[in-house]
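The chain contents come next:
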Amino acid sequence: MADRVHPMPRGGPGGDDQQADADAPPTETTPLHPSFHPSLSPPPGTYIIQVPKDQVLRAPPPGRARRYKALASRPARRRRLRRACCCACAAAALLLLLAAAFAGAVYLAFRPRAPAFSVASPLAIRGLDAAVASPPATLLAPELDASVRADNARNGRVGLEYLGGGGGVVAVSYGGGRELARGAWPAFRQPPRNVTVVAVAMRGRGVRLTEEERRRLAVDRAAGAVPLALEARVPVRLRFGSVLRTWTVGVRARCEVTVDRLDGDAEVVDRGCRVWVRPLWWWRWRWRS
């Protein structure tokens, strides 16, 4: 049932206006706070939701307050993490840029060049001549002693430090890949504008040649021109002055030679050496000496 508000009398107590208002019939006015009676149907499209007055709504409930705080603080933590990642990436990029600038300045100041290699005569060979005269199933144990000439004359201000400890390996092969013997590269330091001749001892065990390789080896020995390949893989450090040194650089040299015999001291005809240098694992320089 709608609430009714009766107007107050206009005049003072005991006046004529009060008596006239009392005699007038009562009139219905619009309520200040309209309410819908349960029996009256609401207008179309209108929904009535009755909430008890004694119900208290809280957001979030007490049991989930801690979880709500944790979820509310996630965006701030993500922003801090994103900011930290951006700062770390910027610092790494700056360090790489400074390192590249320093390396470029050092390269322009010193102009490093790769060393040159060659094989000097004689080449002492033992145990390889039996490959022609022995039966095909014979296991060979060839021994070769070579003198390798390391030339650093093209570097006027850069020294080389050849590392030992099993890191440097020298191998000799025949027929485009058949390894005959191998040995260790000696460790030594080479100053600028220096030429050093090192003795390399190579030994082989259990080498077996195929029938085709034995036949070609006999033909080459009869012609006095046996082709061999001497390949060296050496870790090297560059020295700029007396203090500054680079990281370990991989140097690979392959020399194609021809010898006139398969036993004793054979004369060597050097047909040239190719040199590859890897300043980084994905970067390779190539020279021919």
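Since we're looking at a predicted model, the values are computed, not measured. Along each chain, numbering runs from 1 in the same order as the chain's sequence is written. Given that the model is predicted, a residue must reach a pLDDT of at least 70 before its local features are reported, and side-chain atom pairs must reach 80 or more before they are shown or counted; all residues, however, enter totals for whole chains, interfaces and linings. Each side-chain value is worked out from all heavy atoms of the structure, with water and hydrogens disregarded.

1. Quick look at the overall build of the chain
(1) Moving on: Helix and strand definitions here come from DSSP, where helices need a minimum of 4 consecutive H or I residues and strands a minimum of 2 consecutive E residues; each element is numbered from the N-terminal end. Helix and strand content of the chain: five helices and 13 strands.
(2) Moving on: Across the 289 residues of the chain, 29% fall into the buried class.
(3) Moving on: Expressed as a percentage of contacts within the chain between residues at least 6 apart in sequence, the contacts between residues at least 24 apart total 65%.
(4) Moving on: All accessible-area figures derive from a Shrake-Rupley calculation using a 1.4 Å probe, and residue coverage is judged against the displayed protein chains alone. For the chain, the accessible area works out to roughly 19600 Å², and carbon and sulfur atoms hold 58% of it. When accessible area is computed with a 1.4 Å probe and restricted to protein chains, residues below 20% of their type maximum are described as buried, those above 50% as exposed, and intermediate ones as partly exposed. Every residue pair with non-hydrogen atoms within 4.5 Å of one another is taken to be in contact.

2. Focus: the packing of aromatic side chains
(1) Moving on: Note on aromatic pairs: the rings of Phe, Tyr and Trp (six-membered ring only in Trp) are paired at centre separations within 6.5 Å, and the planes decide the class, stacked below 30 degrees, edge-to-face beyond 60, tilted for the rest. Summed over the entire model, instances satisfying the criterion amount to five aromatic pairs.
(2) Moving on: Geometrically, the ring pair formed by Phe 110 and Phe 240 is tilted, given 4.8 Å between the ring centres and 55 degrees between the ring planes. Of the two residues, Phe 110 is situated in helix H3 (residues 74–110) and Phe 240 in strand E8 (residues 226–240); the sequence distance between them amounts to 130 residues. Exposure class is identical for Phe 110 and Phe 240. Each is buried.
(3) Moving on: Ring-pair connections join several aromatic residues into one group, and the members of that group are Phe 117, Tyr 162, Trp 185 and Phe 188.

3. What about the state of the cysteines?
(1) Moving on: Note on terminology: pairs of cysteine sulfur atoms within 2.5 Å are recorded as disulfides. Going through the model one piece at a time under the given rule, you end up with one disulfide.
(2) Moving on: Covalently, Cys 255 is tied to Cys 273 through a disulfide, its sulfur atoms 2.0 Å apart. On the S-S bond that ties Cys 255 to Cys 273, the torsion sits near 115 degrees, and the link is right-handed. Of this pair, Cys 255 sits in strand E10 (residues 249–259) while Cys 273 sits in strand E12 (residues 268–280), and the two are 18 residues apart along the sequence. Side by side, Cys 255 and Cys 273 carry an identical accessibility label, which is buried.
(3) Moving on: Cys 86 takes part in no disulfide bond, and the closest cysteine sulfur, belonging to Cys 89, lies 6.7 Å away.
(4) Moving on: Of all cysteine sulfurs in the structure, the one in Cys 86 sits closest to Cys 87, which takes part in no disulfide; the separation is 6.9 Å.

4. Regarding the nonpolar core
(1) Moving on: Among the nonpolar cores identified, the biggest contains 50 residues, and Phe 117, Tyr 162, Trp 185, Met 202 and Leu 228 are the most heavily contacted of them.
(2) Moving on: Examining the composition of this core, we find that eight residues originate from one element, E8, more than from any other.
(3) Moving on: With residues near it in sequence (within four places) discarded, Trp 185 still touches Phe 117, Val 148, Tyr 162, Gly 164, Gly 168, Val 169, Val 170, Val 198, Val 200, Ala 232 and Val 234. Remark: nonpolar core denotes a set of buried residues (Ala, Val, Leu, Ile, Met, Phe, Trp, Tyr, Cys) joined through side-chain atoms within 4.5 Å.

5. A word on the pattern of salt bridges
Think of it this way: side chains of opposite charge can pair up when their charged atoms draw near.
(1) Moving on: Just to be clear on terms, a salt bridge is a Lys or Arg side-chain nitrogen sitting within 4 Å of an Asp or Glu carboxyl oxygen. Tallied over the entire structure, the rule returns 18 salt bridges.
(2) Moving on: A salt bridge links Asp 129 to Arg 221, with the nearest nitrogen and oxygen atoms 2.5 Å apart. Placement of Asp 129 in the loop between strand E1 (116–126) and helix H4 (130–133) and of Arg 221 in helix H5 (residues 211–223) is noted, with a sequence separation of 92 residues between them.
(3) Moving on: Its relative accessible area of 27% is what places Asp 129 among the partly exposed residues.
(4) Moving on: For Arg 221, a relative accessible area of 33% gives the class partly exposed.
(5) Moving on: Put simply, Arg 239 and Glu 161 hold a salt bridge, and the shortest N to O gap is 3.3 Å. Of this pair, Arg 239 sits in strand E8 while Glu 161 sits in strand E3 (residues 158–162); the two residues are 78 residues apart in sequence, bridging distant segments of the chain.

6. A word on the confidence of the model for the chain
(1) Moving on: Per residue, pLDDT captures the predictor's confidence, and it can take any value from 0 to 100. Model confidence for the chain is summarised by a mean pLDDT of 78, while 70% of its residues fall at 70 or above.
(2) Moving on: By mean pLDDT, the top-scoring element of the chain is strand E7 (residues 195–203) (94), and the lowest-scoring one is strand E13 (residues 283–288) (50).

7. Considerations on a positive patch on the surface
(1) Moving on: Residues Arg 78, Arg 79, Arg 80, Arg 82 and Arg 83 make up a contiguous surface patch of positive charge.
(2) Moving on: If you trace the backbone, Arg 79 turns up in helix H3. A residue counts toward a patch only above 30% relative accessible area and without a salt bridge, and it is joined to like-charged neighbours within 9 Å or, for Val, Leu, Ile, Met, Phe, Trp and Tyr, to nonpolar neighbours within 5 Å. His is not counted here, nor are the chain ends, while Lys and Arg score as positive and Asp and Glu score as negative. The atoms used to mark charge sites are NZ of Lys, CZ of Arg, CG of Asp and CD of Glu.

8. Some words on the UniProt feature "transmembrane region" (unreviewed entry) in the chain
(1) Moving on: UniProt positions are given in the numbering used here, feature names are shortened, and annotations may be inferred rather than shown by experiment. Within the UniProt annotation, "transmembrane region" (unreviewed entry) is assigned to residues 84–110.
(2) Moving on: Here residues 84–110 is 100% helix and 0% strand, with 39 Å between the C-alpha atoms at its ends.

9. Here's the deal with unusual backbone geometry
Backbone geometry follows two general trends: most residues other than glycine have a negative phi, and most peptide bonds adopt the trans configuration.
(1) Moving on: A cis amide bond links Ser 121 with the next residue in sequence, Pro 122, at an omega value of -5 degrees.
(2) Moving on: As for its placement among the helices and strands, Pro 122 is situated in strand E1.
(3) Moving on: With phi around 55 degrees, Arg 111 is a residue other than glycine that occupies positive phi space.
(4) Moving on: Counting through the fold element by element, Arg 111 comes out in the loop between H3 and E1.
(5) Moving on: In the Ramachandran plot, Arg 193 falls in the positive-phi region, its phi being about 55 degrees despite a non-glycine side chain.
(6) Moving on: For Arg 193, the location among the structural elements is in the loop between strand E6 (188–190) and E7.

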